[in-house]
Structure formats: structure tokens, C-alpha cells
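What follows is each chain in one-letter form.
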Amino acid sequence: MRTERLRGYSILVSNDTVLTPSESSCYTDPWNFTLPNIIEKNCERTASYVWIYQDRRSQMLEICEVQVFGNFPYLFYI
């Protein structure tokens, strides 16, 4: 896998289809290390939409799988 294509990527979240970058940013890759094949990032926010964004127009963004998990601490099951 060529993980260098992901360098500089960002994870953005929002409750709207319009992004507000300052409020939506969850994680931005710092570009200064080699990325592993499996990347796990926690984003403790409530949102309806998740974007994986790369601003490097000269590179193709290569992703095989994305998993998003929700955690609702206010729900109780009996």
C-alpha cells in the first residue's frame, strides 16, 4: 500500500453538508512521518457527516476502507 498518498490528509466532521473548516477539523496529518497501513484516529464530536480530505491536488487520495463508530453514553439498555 502506498500510504504516502495520504500524507497531509484531514478528517472533518459536521452536522451540515457545508463545512466550516475552523469548527469542523477533527484531525490533520502533520506530514512528518511515514503513515502505517492501518490508521486509527479518535474524534470525540457529535456529527452527521464525516469527510476525509486531502488538499494535495497533484495526488490521488487512496482509501480502502473507512469505519465510523458512534458512542452514545446517554443511552441505557435494560
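Data block above holds the structure.
Starting afresh in each chain, residues are numbered from 1 along the sequence in its written order. Reporting in this predicted model follows two pLDDT cut-offs: at least 70 for local features of residues, and 80 or more for side-chain atom pairs to be given and counted; totals over whole chains, interfaces and linings ignore these cut-offs and use all residues. In computing side-chain properties, one takes all heavy atoms of the structure into account and sets aside hydrogens as well as water.

(A) Quick look at the overall build of the protein chain. Labels follow the DSSP assignment, with helices taken as runs of H or I lasting at least four residues and strands as runs of E lasting at least two, numbered in each case from the N terminus. The secondary structure content of the protein chain amounts to one helix and three strands. Intrachain contacts of the protein chain at a sequence separation of at least 6 include 64% that bridge at least 24 residues. Approximately 6,700 Å² of the protein chain is accessible, and the part contributed by carbon and sulfur atoms is 51%. Contacts: residue pairs with any heavy atoms within 4.5 Å of one another. Here, Shrake-Rupley sampling with a 1.4 Å probe gives the accessible areas, and only protein chains in the shown set may cover a residue.

(B) Summary view of the state of the cysteines. Criterion for a disulfide: a pair of cysteine sulfur atoms at a distance within 2.5 Å. Per the counting criterion, the structure on display carries one disulfide. Shown here is the disulfide that connects Cys26 with Cys43, its sulfur atoms set 1.8 Å apart. Placement of Cys26 in strand β2 (residues 25-28) and of Cys43 in the loop between β2 and β3 (49-54) is noted, with a sequence separation of 17 residues between them. For the exposure calls, accessible area comes from a 1.4 Å probe over protein chains only, and a residue counts as buried if that area is under 20% of its type's maximum, exposed if over 50%, partly exposed in between. Given a relative accessible area of 21%, Cys26 falls into the partly exposed group. The exposure class of Cys43 is partly exposed, given its relative accessible area of 28%.

(C) Just the sheet that holds β3, in detail. Strands were regarded as paired on the criterion that DSSP finds at least two bridges between them. Pairing within the open sheet is antiparallel, and its three strands lie in the order β2-β1-β3. The open sheet terminates on both sides in strands that have one partner only, identified here as β2 and β3. With direction set aside, neighbouring strand axes in the sheet form an average angle of 15°. Here strand β1 (residues 9-14) runs beside β3; their pairing, made up of six bridges, is antiparallel. When the bridges of β3 are listed, Tyr9 appears paired with Gln54. Axis lines are fitted to C-alpha atoms, over the contacting stretch for helices. Their N-to-C directions set the angle, which ranges from 0 to 180 degrees.

(D) A look at the environment of Glu44. Topologically, Glu44 is positioned in the loop between β2 and β3. Distance from Glu44 to Gly70, taken between C-alpha atoms, is 9.5 Å for residues 26 residues apart in sequence.

(E) Seen up close, the environment of Cys43. Spatially, the C-alpha atoms of Cys43 and Ser25 are 9.4 Å apart, while their sequence positions differ by 18 residues. Sequence-distant contacts of Cys43, defined by excluding residues within four places in its chain, comprise Val13 and Cys26.

(F) Inspection of the packing of aromatic side chains at higher detail. Between rings of Phe, Tyr and Trp, where Trp is taken as its six-membered ring, a pair exists when centres lie within 6.5 Å; planes separated by under 30 degrees are stacked, by over 60 edge-to-face, and by other angles tilted. Under the counting rule described, the total for this entry stands at two aromatic pairs. With centroids separated by 5.7 Å and ring planes inclined at 45°, the aromatic side chains of Tyr9 and Tyr27 adopt a geometry described as tilted. Within this pair, whereas Tyr9 is found in strand β1, its partner Tyr27 is found in strand β2, the two being separated by 18 residues in sequence.

(G) How the structure looks around the pairing of β1. Most of β1 sits inside the fold, with six of its six residues counted as buried. Neither face of β1 is open: one carries Tyr9, Ile11 and Val13, the other Ser10, Leu12 and Ser14, and all of them are buried.

Keep in mind that these numbers describe shape and distance, not what the molecule does.
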